[in-house]
Amino acid sequence: MVTMIIKRLIQLIFLLIGITFIVFMAMHIAPGDPASIIGGPTATQSDILAIHHRLGLDKPIIIQYLDYLNGILHGDLGFSFQTNRSVAQEIWTRLPNTIDLAIASMIVAIIIGVPAGIISALKQNSWLDFSSTTLSLAGISIPNFWLGALLILVFAVNLQWLPVGGLDTPFWTFKGFKEILLPAITLGTGSAAMIARMSRSSMLEIIRADFVRTARAKGVKEHMVIWVHCLRNALIPVVTVIGLNFGGLLGGTIITEQVFAINGVGRLMVESIASRDFPMVQGGVLLIAFIFVIVNLVVDIVYALIDPRISYQ
Amino acid sequence: MQPQTTETSVSVKVSKNEALTRRLKQFFKYKLAVIGLIVILVQIFLAIFANSVTSYSPTVQDLTHVNLKPGSPGHWLGTDNYGRDMWSRLVFGARLSLMVGFSSVIIGTVIGTLLGLLAGFYKFLDTIIMRISDLMFAFPGILLAMLIIAILGTSLLNVVIAISIWSIPSCARIVRGSVLSLKKQEYITAMRALGASHFRIIFQHILPNGTAPIIVFATMHMGTAILSTSALSFLGLGAEPSTPEWGAMISAGQQYMWQAPHLVIIPGIAIMLVVFAFNVVGDALRDMLDPNMKSR
């Protein structure tokens, strides 16, 4: 197990370096000179050259990349072309909203997905199973930005139960809960559907396993068979799906933040792409990709810990 | 000798037809997938005959008839905030979403398949291709697409490129998996012993026998491509707001949602129906073609 973790950590380091390289190169390939964007239309040739020098753009590309890596290690992601503020600082102030949204959505997804999948498996081929599987497919197919708009229309505009948008307070407070409920449902629906599908198929596999038959033959009560023998084993692969979905949810926050006007990293990135604020895009992409790979690594390790049959060669 | 060959080819043809009929019969057992197939066929029909089934141009404005509700005379799905006919925009949107979906799936699947074949067949290429795909997997799909659009600029064509690139590693991985198991088969060993070239083994023997997972991937990915295109257009990173693209229509309609909810509801239902259709058909194909993946 320790060897596996060390191996994965070494792989992670290479992966993180690879991500920084891709993001760095991507912004270098992008058309348009950053110095011209910063200098504006009135900048003279000497102004542009001065900006080039200040940003280190006159150095060889490999040196620029090493400077960039060095900056990342010191928490320096550069400065925004638009606001001239530190990218790391801008992202840092918005990150809590994005993380809150991803966590709240995951909670919604688990609350809906796991019971739906399990009930569906226990009542296989019933109308309940059919409805659950059909709804799961619909959940995967529904555009979340559309679902968000509909939820706003019904619950915020017509019924006026919940606010239209924004997220100013932590979600564990009552006000924060009301603010995050609609965005979390919007973002969590797709993951709930995936978790439901996984829980159902995993549960169906376990129900037919030999050890479950043995438990029944020994006269163990049905609810004990389901809760103790089946559920614990069936949920192992579900944990992986939940973990992997968390990474996906981070990507999904980009759209949901836009729909509900939440000041998160995703919204910042969309605005930055529109204004061609490359350092901001670079910082946002880097951060989300970093969190994504680290979450995936943690999921892999947790999976190996809870299921001793898993061994990574 | 001649009659025997003809006999053999006839029997092969008959057995191929039988297999196709059997597959079709099998497919028709999946009721939801049949409904999905009908939805896809209707969309294809509308996309092809868009000019014949609509009476108005999807882009021509009529400011005397703005935000008409569905069921209005002359505009059975109503009009938008510029007085453009919603039915026309929906139908031309179907054409656009199919075009974007098909092109990105074809580009992604072709390149992904080629890379997967190479990675599975040649060990030295395997490490390189798979490490690059690992790196691409480090970015959530939509993020990777946004990064590509940030480089290339916002347009529908760039969305196609972005979604194609995003789908390459998944496809390559699936194909590589099939190649790894297929190349151990006895008939491949026999082909090698007979001195067949690598090109012939890969494209005439491995590829035709490994098409099932590619078909399933492409079908399932159509839904993802359509959904992602509309999401990117919604964010303002894809189609221009005036373009009859479903995501852009929702984005534009959001401002008028309180007075004219149909501007948001109608294109949303269209996206959901089409993506749902591709997903159920993909699910059924997976169950049929890949028994190991069968969702119980």
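Everything here concerns the structure above.
Residues numbered from 1 in each chain as written. Chains lettered and ligands numbered in written order. Predicted model: local features only at pLDDT ≥ 70, side-chain atom pairs only at ≥ 80, totals over all residues. Heavy atoms only, no water.

Attention now goes to the packing of helix H6 (residues 127-141) of chain A against helix H12 (residues 262-289) of chain B. Here H6 of chain A crosses H12 of chain B at 125°, and the two axes come no closer than 8 Å. Classified by the angle between their axes, H6 of chain A and H12 of chain B sit oblique to one another. In the crossing of H6 of chain A with H12 of chain B, the sense of the turn from one axis to the other is right-handed. From H6 of chain A, Thr134, Leu137, Ala138, Ile140 and Ser141 of chain A reach across to H12 of chain B, where they touch Met272, Val275, Phe276, Asn279, Val280 and Asp283 of chain B. (Axes fitted to C-alpha atoms, helices over the stretch in contact; angles between N-to-C directions. Helix = DSSP H or I, 4+ residues; strand = E, 2+ residues; numbered from the N terminus. Parallel < 35°, antiparallel > 145°, perpendicular 65-115°, else oblique. Left-handed = near helix turned anticlockwise from the far one by under 90°. Contact = heavy atoms within 4.5 Å.)

All names here are of chain B. Packing of helix H4 (residues 86-121) against helix H5 (residues 123-137) leaves a shortest axis separation of 6 Å and a crossing angle of 130°. Our classification of the angle between H4 and H5 gives oblique. Together, Leu115, Leu118, Ala119 and Phe121 of H4 and Lys123, Leu125, Asp126, Ile129 and Met130 of H5 make up the contact between the two elements. Within the contact of H4 with H5, the residues separate by chemical class into seven nonpolar, no polar and two charged. (Nonpolar A, V, L, I, M, F, W, Y, C, P; charged D, E, K, R; others polar.)

Across the boundary between the two partners, chain B contributes 39 residues, which contact 49 residues of chain A. For the pair chain B and chain A, the summed buried surface comes to about 3,800 Å²; carbon and sulfur atoms form 82% of the total. Summed over the shared surface of chain B and chain A, the number is one salt bridge. Summed over the shared surface of chain B and chain A, the number is four residue pairs in polar contact (both at pLDDT 80 or more). The set of elements that each furnish at least two residues to the side of chain B that touches chain A consists of H5, helix H6 (141-152), helix H10 (211-234), helix H11 (246-253) and H12 of chain B. When residues of the side of chain B that touches chain A are assigned to their parent elements, the largest contribution, 12 residues, is made by H12 of chain B. (Buried area = accessible area lost by both parts, 1.4 Å probe. Salt bridge = Lys/Arg side-chain N within 4 Å of Asp/Glu carboxyl O. Polar contact = N/O pair within 3.5 Å; in protein donor to acceptor, adjacent residues only side chain to side chain.)

A few words on the side chain of Asn81 of chain B. Residue and element names in this part refer to chain B. Structurally, the position occupied by Asn81 is in the loop between helix H3 (50-53) and H4. Within the structure, Asn81 has its side chain in polar contact with the side chain of Tyr256 (distance 3.5 Å). Beyond its immediate stretch of four places on either side in the chain, Asn81 contacts Val66, Asn67, Tyr256 and Leu263.

This part covers the environment of Asn209 of chain B. All names here are of chain B. As for its placement among the helices and strands, Asn209 is situated in helix H9 (residues 198-209). On the basis of relative accessibility, which here comes to 47%, the residue Asn209 falls in the partly exposed class. Separated by 27 residues in the primary sequence, Asn209 and Leu182 place their C-alpha atoms 7.9 Å from one another. Non-local contacts of Asn209, meaning those with residues more than four positions away in its chain, are made with Leu182 and Tyr187. Side-chain polar atoms of Asn209 contact the backbone oxygen of His205, separated by 2.6 Å. (Buried < 20%, exposed > 50% of the residue type's maximum accessible area, 1.4 Å probe, protein only.)

Now for unusual backbone geometry. Residues and elements named next belong to chain A. The backbone phi angle of Asn84 is positive, close to 65°, even though this residue is not glycine. With respect to the element layout, Asn84 can be found in the loop between helix H4 (61-73) and helix H5 (87-122). Although it is not a glycine, Ala261 sits at a positive phi angle of roughly 50°. In this structure, Ala261 sits in the loop between helix H10 (222-259) and helix H11 (265-274). Ala261 sits in the partly exposed class, given a relative accessible area of 37%.

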